[in-house]
Amino acid sequence: MYKHILLASDGSENAVRAAKEAVKIASCTPDSIIEVVYVVDFDKAKSDVLHSNSSIALEIERRKKNSKVLQFLNEANVKYKTSILIGNPGPEIVKFANEHQVDLVVIGSRGLNSLQEMILGSVSHKVMKRVNCPALIVK
Amino acid sequence: MQSLKQQWFGNIRGDILSGIVVALALIPEAIAFSIIAGVDPMVGLYASFTIAVLIAFVGGRPGMISAATGAMALVMVPLVREYGIEYLFAATILTGIIQIIFGTLKIAKLMKFIPNAVMIGFVNSLAILIFMAQVPHFLGISNMTYVFVAITLILVYTLPRFIKVIPAPLIAIVALTAIAIFSGIELRTIGDLGNITQTLPSFIIPDVPFTFETLKIIFPFSLSLAIVGLVESLLTSRIVDDMTATESNKNQEARGQGIANFVNGFFGGMAGCAMIGQSVINVKSGGRGRLSTLVAGLFLMFLILVLGDLVVKIPMPVLVGIMIMVCIGTFDWSSFKYIVKAPRTDAIVMLVTVIIVVWTHDLSKGVIAGVVLSAIFFVVKISTVKIVQEDNRFIVHGQLFFASSDGFINYFKNKNIDAKQIQIDFSNSRIWDDSGVASLIKVEEMLEDRGISVVVLELDTSSKKIISKLQGMSSSN
């Protein structure tokens with residue numbers, strides 16, 4: 001069934017909810033793997049670099065922001081891999097999903113900032129429209 | 001690191017498009033920074049052209065945009081005011097020489113010692129100073145000036161939601177310049193503050209006396225410019241590294257900045273460096289390679305040659321509005337949270353950096369003061385040893401060396417100890433030098449005089465080595 005599942009995460013509670021569904025689906029198929037993709041927005045780069053001592057420290061800092069989801073996956077005892085990408089969240093997730101030919105994309109319906117969503121449109125909607133595989137949007 | 005071919009031609013389409021976007025965004029900034037420095041707009045435009053084109057070849061960070069910048073313009077204000085533009089060209093050439101030397105001496109490594117707090121102070125004070133430089137151009141001139149500044153700001157912040165391909169500042173400039181021309185509203189224009197000549201830059205030798213006196217005048221400015229340029233360039237290259245998930249050669253970048261400024265001074269340009277804002281725009285617009293920087297420089301010059309007549313008609317309030325946007329983008333808004341949450345000393349270093357820059361109008365002085373202050377804080381922090389007593393066991397926390405040895409001795413001097421034997425535990429400490437060893441010997445002697453024997457526990461290998469080197473120094477046994 002779905003062996004290679006992309007879980008798009010922004011580190012929020014919504015992402016944890018999405019992770020729960022991803023785990024449910026992954027546990028149906030032996031040898032399935034969840035690919036956790038965390039996208040750092042371009043606009044954060046300046047502030048992130050200013051507030052970190054080195055690129056290694058920055059990477060750890062960013063991993064920490066995704067820790068809720070990773071902690072959940074650790075406890076759920078599923079196989080997963082993480083990638084931190086930098087760019088525009090929507091297009092980056094789509095590109096990653098299409099390049100890695102994942103079987104399914106799982107994404108939370110709302111990110112951290114509802115004002116942003118109003119202005120920029122929702123990331124999940126963009127992803128669903130452009131990705132080449134089935135997508136599951138978790139409410 | 002990518003191959004040179006990859007750095008140039010790995011992303012041709014994206015680089016050409018983003019280069020054009022950057023050229024359009026660069027023109028108002030180059031003009032505004034010239035006005036800040038007190039020189040003709042052409043000086044900033046020539047600098048932006050020359051630096052961008054050269055850095056495309058000699059820089060160490062593909063995809064980074066270098067040109068005339070506000071940080072550099074601010075440093076050169078007094079030089080231009082008191083000695084004139086020819087001294088600025090000479091200072092620019094000398095800045096290049098200093099930066100080439102810094103680059104050859106691998107100074108980029110030293111940049112690691114500039115703490116975050118100083119870097120945050122750097123961008124914040126830069127934003128504040130650029131904003132302050134705009135104030136005389138809109139405050140108390142006319143009501144129409146306020147209206148145009150406001151409309152510009154509204155346009156540059158709302159347009160990007162609807163139009164993504166064309167940079168919003170460009171749309172604001174074109175639309176508002178057209179309105180100003182056709183409605184005949186009285187507004188100051190760029191033409192009122194300087195000339196735009198539609199010619200390519202040509203080779204000049206700065207018209208200054210080649211004497212020691214001249215060197216004495218320009219050297220302090222050149223040194224400041226060299227430092228400011230390298231700080232901003234290396235910070236920008238770290239940001240571009242992060243955004244593109246690639247690495248760059250920091251020493252090559254430092255040398256490249258030097259070469260670009262050296263040549264730039266001979267072609268009538270003002271000293272420049274990498275630009276955070278423009279580099280971010282470049283990467284966001286799809287620019288990744290050296291080609292994007294080259295296209296930005298060439299297209300900028302092309303636009304000036306073709307549209308120079310129109311550029312002088314741009315109303316000053318529109319340019320001011322765009323520069324206010326640049327300030328808002330430059331300022332690190334998470335600083336307010338930082339002041340509250342960061343360690344007290346870091347917050348103080350950041351604030352001191354800002355205050356000194358705003359006071360002196362010289363970013364290099366702020367950086368130096370910030371680095372010195374944080375070094376002092378660091379020494380104070382590591383030069384305090386804390387000793388925790390658990391029964392007859394005294395656990396040392398911290399580093400034992402020349403600066404902390406007094407504190408270590410004083411603790412035992414003032415301590416009432418009843419026991420016949422005590423243990424000093426070094427599991428959380430380390431002895432760094434002969435002062436550290438001496439202070440331990442001193443404490444042992446002092447306590448033995450009081451009839452207390454001392455057992456030293458848990459010394460690590462390197463501390464033991466230092467002690468054994470200095471053994472036999474104790475005055476009695």
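In this text the structure is predicted, and so the values were computed from the model without any measurement.

1. Observations regarding the overall build of chain B
Phase 1: What chain B contains, in helices and strands, is 20 helices and 6 strands.
Phase 2: Burial status across chain B gives 48% buried among its 477 residues.
Phase 3: Of the contacts made within chain B by residues no fewer than 6 positions apart, 85% connect residues no fewer than 24 positions apart.

2. A closer look at the overall build of chain A
Phase 1: Scanning chain A from terminus to terminus reveals 7 helices and 5 strands.
Phase 2: Going from N to C terminus, chain A has its helices and strands arranged as β-α-β-α-α-α-β-α-β-α-α-β.
Phase 3: For chain A, the spread of C-alpha atoms along the three principal axes comes to 45 × 30 × 25 Å.
Phase 4: Across the 139 residues of chain A, 35% fall into the buried class.
Phase 5: Of the contacts made within chain A by residues no fewer than 6 positions apart, 81% connect residues no fewer than 24 positions apart.

3. Some details on the sheet that holds strand E3 (residues 386–390) of chain B
Residues and elements named next belong to chain B.
Phase 1: Overall, mixed pairing links the 4 strands, which are arranged E3-E4-E5-E6 in an open sheet. The open sheet is flanked by E3 and strand E6 (453–457), the only strands paired with a single partner. Averaged over all pairs of adjacent strands, the angle between strand axes in this sheet comes to 25°, irrespective of strand direction.
Phase 2: Pairing of strand E4 (residues 393–400) with strand E5 (residues 421–431), which is carried by 7 bridges, proceeds in the parallel orientation. Within E5, the residue paired with Gly398 across the bridge is Ser429.

4. Side note on unusual backbone geometry
Residues and elements named next belong to chain B.
Phase 1: Phi is positive for Asp391, which is not a glycine, with a value near 55°.
Phase 2: Checked against the element boundaries, Asp391 lands in the loop between E3 and E4.
Phase 3: Residue Glu458 is not a glycine yet carries a positive backbone phi of 60°.

5. Here we look at the interface of chain A and chain B
Interface size is often expressed as the accessible area that is lost when the parts come together.
Phase 1: On the side of chain B, 17 residues touch chain A, which itself brings 13 residues to the contact.
Phase 2: Elements with a contribution of two residues or more to the side of chain A that touches chain B: helix H2 (45–50) and helix H3 (55–65) of chain A.
Phase 3: When residues in the side of chain A that touches chain B are grouped by element, the largest group, 6 residues, is from H2(A).
Phase 4: For the side of chain A that touches chain B, the residue count by class is 7 nonpolar, 4 polar and 2 charged.

6. Describing the domain arrangement of chain B
Phase 1: You can read the domains of chain B as domain 1 (4–334) and domain 2 (383–469).
Phase 2: Here the C-alpha centre of domain 2 of chain B lies 56 Å away from the C-alpha centre of domain 1 of chain B.

7. Considerations on the pairing of strand E4 (residues 104–108) of chain A
Looking along a regular strand, one sees side chains alternate from face to face of the sheet.
All names here are of chain A.
Phase 1: Counting buried positions over the 5 residues of E4 gives 5, a clear majority of the element.
Phase 2: By the alternation rule, side chains of E4 split into Leu104, Val106 and Gly108 and Val105 and Ile107, which are all buried.
Phase 3: Sheet topology note: the E4/strand E5 (residues 135–138) ladder contains 4 bridges and is parallel. Along E5, the bridge assignment pairs Gly108 with Val138.

8. So, helix H5 (residues 89–99) of chain A
Three- or four-residue spacings in an α-helix give side chains the same orientation, since the helix completes a turn every 3.6 residues.
Residue and element names in this part refer to chain A.
Phase 1: Within H5, the full set of buried residues consists of Pro89, Gly90, Glu92, Ile93, Val94, Phe96 and Ala97.
Phase 2: At its buried positions, H5 is contacted by strand E1 (4–9), strand E2 (33–41), strand E3 (80–87), E4 and helix H7 (123–130).
Phase 3: Positive phi appears at Gln101, one or two residues downstream of H5, with a value of about 45°.

9. Remarks on the nonpolar core
Phase 1: Among the nonpolar cores identified, the biggest contains 161 residues, and Val105(A), Met76(B), Ala91(B) and Met270(B) are the most heavily contacted of them.
Phase 2: Here this core takes 15 residues from helix H2 (residues 12–37) of chain B, the largest share from any one element.
Phase 3: Ranked by size, the runner-up nonpolar core spans 14 residues in total, among them Val385(B), Ile422(B), Ile424(B) and Ile431(B).

10. Quick look at the sheet that holds E3(A)
Neighbouring strands of a sheet are bound in pairs by backbone hydrogen bonds; such pairs are parallel or else antiparallel.
Residues and elements named next belong to chain A.
Phase 1: Pairing within the open sheet is parallel, and its 5 strands lie in the order E3-E2-E1-E4-E5. Whereas interior strands pair on both sides, the edge strands pair on one side only; in this sheet they are E3 and E5. Pairs of neighbouring strands in the sheet enclose a mean axial angle of 20°, with direction left out of account.
Phase 2: The pairing of E1 with E2 spans 6 bridges and is classified as parallel. Its bridge partner being in E2, Ser9 is matched across the sheet by Tyr38.

11. Focus on the pairing of E5(B)
Residue and element names in this part refer to chain B.
Phase 1: Where the polypeptide runs from E4 across helix H18 (residues 405–413) and back to E5, its parallel neighbour, the crossover connection is right-handed.
Phase 2: Note that E5 and E6 share 5 bridges and pair parallel. Each bridged residue has a counterpart across the sheet, and for Gln421 the counterpart in E6 is Ser453.
Phase 3: Chirality of the crossover, the property in question, places the unit of E5, helix H19 (residues 434–449) and E6 among those that are right-handed.

12. Some details on the confidence of the model for chain B
When pLDDT is low, close inspection of the predicted coordinates is not appropriate.
Phase 1: Per-chain confidence: chain B averages 91 in pLDDT, with 98% of residues scoring 70 or above.
Phase 2: Reported confidences for the modelled complex are a pTM of 0.86 and an ipTM of 0.84.

13. Regarding the environment of Ser248(B)
Residue and element names in this part refer to chain B.
Phase 1: Relative to the helices and strands, Ser248 is located in the loop between helix H10 (212–244) and helix H11 (250–266).
Phase 2: Residues Ser248 and Ser237 lie 11 residues apart in sequence; the distance between their C-alpha atoms is 7.3 Å.
Phase 3: Not counting chain neighbours up to four residues away, the residues in contact with Ser248 comprise Gly60, Arg61, Ser237, Asp241 and Glu253.

14. Quick notes on the packing of H10(B) against helix H17 (residues 363–382) of chain B
All names here are of chain B.
Phase 1: Between H10 and H17, the least distance of the axes is 8 Å, while the angle of their chain directions is 70°. Put simply, H10 runs roughly perpendicular to H17. Packed against H10, whose contacting residues are Ser224, Ile227, Val228 and Val231, the element H17 presents Leu363, Ser364 and Val367 at the interface.
Phase 2: Its residues assigned to classes, the contact of H10 with H17 shows 5 nonpolar, 2 polar and no charged.

15. Things to note about the environment of Arg81(B)
Phase 1: With respect to the helices, strands and loops of the structure, Arg81(B) is situated in helix H4 (residues 70–83).
Phase 2: Of the residues examined, Arg81(B) has 10 C-beta atoms within 10 Å and is grouped as exposed.

Rules of the game
- Residues numbered from 1 in each chain as written.
- Chains lettered and ligands numbered in written order.
- Predicted model: local features only at pLDDT ≥ 70, side-chain atom pairs only at ≥ 80, totals over all residues.
- Helix = DSSP H or I, 4+ residues; strand = E, 2+ residues; numbered from the N terminus.
- Buried ≥ 20, exposed ≤ 12 C-beta atoms within 10 Å, placed from the backbone.
- Contact = placed C-beta atoms within 7 Å.
- Pairing = 2+ DSSP bridges.
- Axes fitted to C-alpha atoms, helices over the stretch in contact; angles between N-to-C directions.
- Nonpolar A, V, L, I, M, F, W, Y, C, P; charged D, E, K, R; others polar.
- Domains from an automatic or database assignment.
- Core = buried A, V, L, I, M, F, W, Y, C linked by C-beta atoms within 7 Å.
- Right-handed = clockwise from strand over helix to strand, strands pointing away.
- pLDDT = per-residue confidence, 0-100.
- Parallel < 35°, antiparallel > 145°, perpendicular 65-115°, else oblique.

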